[in-house]
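As a plain string of letters, each chain reads:
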Amino acid sequence: MPTARINDYSIVLRRLRPLLSSHPGRVGDIGTVATNNGSYPVLKIVLGEGNPRKALITAGIHGDEPAGVEAVCAFVERKLYADIARAWELTLLPCVNPSGYELGTRENHEKLDLNRHFKSEPPPLEVGIVQSVFQSPFDLTLDLHEDVDSPGFYLYQKFEPGQETALGFKVVERVRETMPINSNSEIEGMPAEGGVIHRLSGPGEMEWWPMALYALSKGAKRCLTLETAARFPLATRVEAHLTAVRTAFQNIAV
Ligand SMILES: [Zn+2]
């Protein structure tokens, strides 16, 4: 018997696929996750194709964090990419873990936390699908998450050496207008400063990799993992994510 659905992934597909056919972008499936409950195509959207600067925006790797998925849908529906896609090639993966999204679980249908398996060989199917978009290095990656325990927004930032590291702090300052910031000196067991966790291990120092460390290992220059606080209404979390995304692009020196 199928398990009860918390979210309906087909709605995400219905919202994004037709929109892109009338937009200056390209949308396609880059893999299929087959489960006992059904098969889920994993969607990839490319906007501003061919532009020299490359960014990746991902959401929904944890299925119980719907605001990121909703934010990517809103980013496309409201054409918030329009200015950004003049200079950037944007690759969007709106929902990396569709089976977890439908079940409302952090893990996928096989009970795997996909964001712990970017160093695994072989990787889970969904992780392999994400890895397939890393053909050339990204200048910026943004991975959209939520935290059920946090009193406010925070982010992880990890940059290639030599990159200007104020970006995360600029993002937090702008998001503060939409959602309170988690200004604890320790978040998730790591030292934090004004909502920014930036003293993080590098790819060579960790047994397992989240997506951001895989991105760095593939030459990404700047990786931000955005965490909205799930205690706020969905609309507030979506606006916080959208503000963070816009602010990141506005503050990268050309
Ligand atoms: Zn998460």
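Fair warning: this is a prediction, and the values are worked out from it, not measured in the lab. (Residues numbered from 1 in each chain as written. Predicted model: local features only at pLDDT ≥ 70, side-chain atom pairs only at ≥ 80, totals over all residues. Heavy atoms only, no water.)

Draft legend 1. Representation of the coordination of the zinc ion within the structure. Every protein donor of the zinc ion is listed here as His 62 (ND1), Glu 65 (OE), Glu 65 (OE) and His 145 (ND1), and their distances to the metal cover 2.0 to 2.3 Å. The sequence pattern describing where the donors of the zinc ion fall on their chain is H-x2-E-x79-H. Of the two residues, His 62 and Glu 65, neither departs from the other in class, the shared state being buried. (Donors = N, O, S within 2.8 Å, 3.2 Å for Na, K, Ca; no water. Buried < 20%, exposed > 50% of the residue type's maximum accessible area, 1.4 Å probe, protein only.)

Draft legend 2. Up close: the sheet that holds strand β9 (residues 196–197). In space, the eight strands of this open sheet follow the order β1-β2-β4-β3-β5-β10-β6-β9, with mixed pairing throughout. The open sheet has two edge strands, β1 (25–35) and β9, and neither has a second partner. Pairing geometry for strand β3 (residues 53–59) and strand β5 (residues 140–147), over five bridges, is parallel. Residue pairing in the sheet places Thr 58 in a bridge with Asp 143 of β5. (Pairing = 2+ DSSP bridges. Helix = DSSP H or I, 4+ residues; strand = E, 2+ residues; numbered from the N terminus.)

Draft legend 3. Here's a closer look at the packing of helix α2 (residues 66–77) against helix α7 (residues 234–250). Interhelical geometry of α2 versus α7 gives an angle of 60° and a closest axis separation of 8 Å. Between α2 and α7, the crossing angle belongs to the class labelled oblique. In this structure, α2 crosses over α7, and the sense of that crossing is right-handed. On the side of α2, the interface is formed by Pro 66, Ala 67, Gly 68, Glu 70, Ala 71, Ala 74 and Phe 75, while α7 contributes Leu 234, Arg 237, Val 238, His 241, Leu 242 and Val 245. Among the residues forming the contact of α2 with α7, the class breakdown is nine nonpolar, two polar and two charged. (Axes fitted to C-alpha atoms, helices over the stretch in contact; angles between N-to-C directions. Parallel < 35°, antiparallel > 145°, perpendicular 65-115°, else oblique. Left-handed = near helix turned anticlockwise from the far one by under 90°. Contact = heavy atoms within 4.5 Å. Nonpolar A, V, L, I, M, F, W, Y, C, P; charged D, E, K, R; others polar.)

Draft legend 4. The nonpolar core, seen in detail. Membership of the largest hydrophobic core comes to 54 residues, with the highest contact counts inside it found for Leu 90, Phe 153 and Phe 249. Tallying contributions element by element places α2 first for this core, with eight residues. Those residues in contact with Phe 153 that sit more than four places away from it in its chain are Val 171, Val 172, Val 175, Met 179, Pro 180, Ile 181, Asn 182, Leu 226, Glu 227, Thr 228, Ala 229 and Ala 244. Counting 20 residues, the second largest nonpolar core, distinct from the first, contains Ile 61, Val 96, Val 127 and Tyr 214. (Core = buried A, V, L, I, M, F, W, Y, C linked by side-chain atoms within 4.5 Å.)

Honestly, it's all geometry; don't read function into it.
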